[in-house]
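# Examining the three-dimensional arrangement
Residues per chain are reported as follows:
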Amino acid sequence: MPEAARPIDALEETIRQRAELAAGDGLGKSYTAKLLTGPLEKLCGKVTEEAGELVEAALEEGDDGRTHFIYEAGDLLYHTLVLLRRRGVDLAEVESELARRFGVSGIEEKASRSK
Ligand SMILES: N=c1c2ncn([C@@H]3O[C@H](COP(=O)(O)OP(=O)(O)OP(=O)(O)O)[C@@H](O)[C@H]3O)c2ncn1[C@@H]1O[C@H](COP(=O)(O)O)[C@@H](O)[C@H]1O
């Protein structure tokens, strides 16, 4: 991982490199490359599965439950980043969407959609 890089940025870069590898047919032993080139439904299914595992872990108590919850959050973030790459979306674009929402209350935003 490059020094000073946030792990999530370094992971996004690795996934981008795996996409290039996959495009060049150099799949090798890369799980990421397989997710990027396999059926989209399979990748979507993994995201759903990991989200389910995360919410199950959220209900576990104690330190072990907390550790498991963090582990599952990592799995979901990784698979979500792979799905973003597959749709050609950069993490920065999601961050921009989050930035756009700063200062907008979730309740107000929901009300504005039902007008
Ligand atoms: N962060 C991750 C990461 N998190 C989770 N996973 C994989 O995601 C899978 C999680 O799925 P499951 O727990 O359901 O395990 P499984 O049953 O074996 O998975 P399936 O066969 O059902 O797909 C496991 O195979 C994990 O190893 C990850 N695989 C890769 N990365 C990162 O991506 C980099 C590149 O990995 P490769 O593409 O494999 O070289 C790695 O160095 C890591 O930094």
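The notes below deal with the structure included here. (Residues numbered from 1 in each chain as written. Predicted model: local features only at pLDDT ≥ 70, side-chain atom pairs only at ≥ 80, totals over all residues. Heavy atoms only, no water.)

### Some remarks on helix α3 (residues 40–58)
What counts, and what does not: Only DSSP runs of H or I with at least four residues qualify as helices, and only runs of E with at least two residues qualify as strands; both kinds are numbered from the N terminus onward. Helix span, expected: 1.5 Å multiplied by one less than the number of residues in the helix. For the exposure calls, accessible area comes from a 1.4 Å probe over protein chains only, and a residue counts as buried if that area is under 20% of its type's maximum, exposed if over 50%, partly exposed in between. To be clear, the arc concerns the directions from the helix axis to the C-beta atoms. What makes two residues a contact is simply this: any of their non-hydrogen atoms within 4.5 Å.
Along its 19 residues, α3 runs 27 Å from first to last C-alpha, staying within 8% of the 27 Å computed at 1.5 Å per residue. Considered for burial, the residues of α3 that qualify are Leu43, Lys46, Val47, Glu50, Leu54 and Ala57. Down the axis of α3, the buried set is contained in an arc of 100 degrees. They therefore lie on one face. Turned more than 90 degrees away from the buried face of α3 sit Glu41, Thr48, Val55 and Glu56, all of them exposed. As for α3, its buried residues are in contact with α2 (31–37) and α4 (62–86).

### Let's talk about the nonpolar core
Definition in use: Joining through side-chain atoms within 4.5 Å is the link that ties buried Ala, Val, Leu, Ile, Met, Phe, Trp, Tyr and Cys residues into a set, and such a set is a nonpolar core.
Counting residues in each nonpolar core, the largest one holds nine residues, listed as Ile15, Leu35, Leu36, Leu43, Tyr78, Leu81, Val82, Leu84 and Leu91. Of all the secondary-structure elements, those providing two or more residues to this core are α2 and α4. No other element matches the four residues that α4 contributes to this core. Non-local contacts of Leu36, meaning those with residues more than four positions away in its chain, are made with Ile15, Arg18, Ala19, Val82, Arg85 and Arg86.

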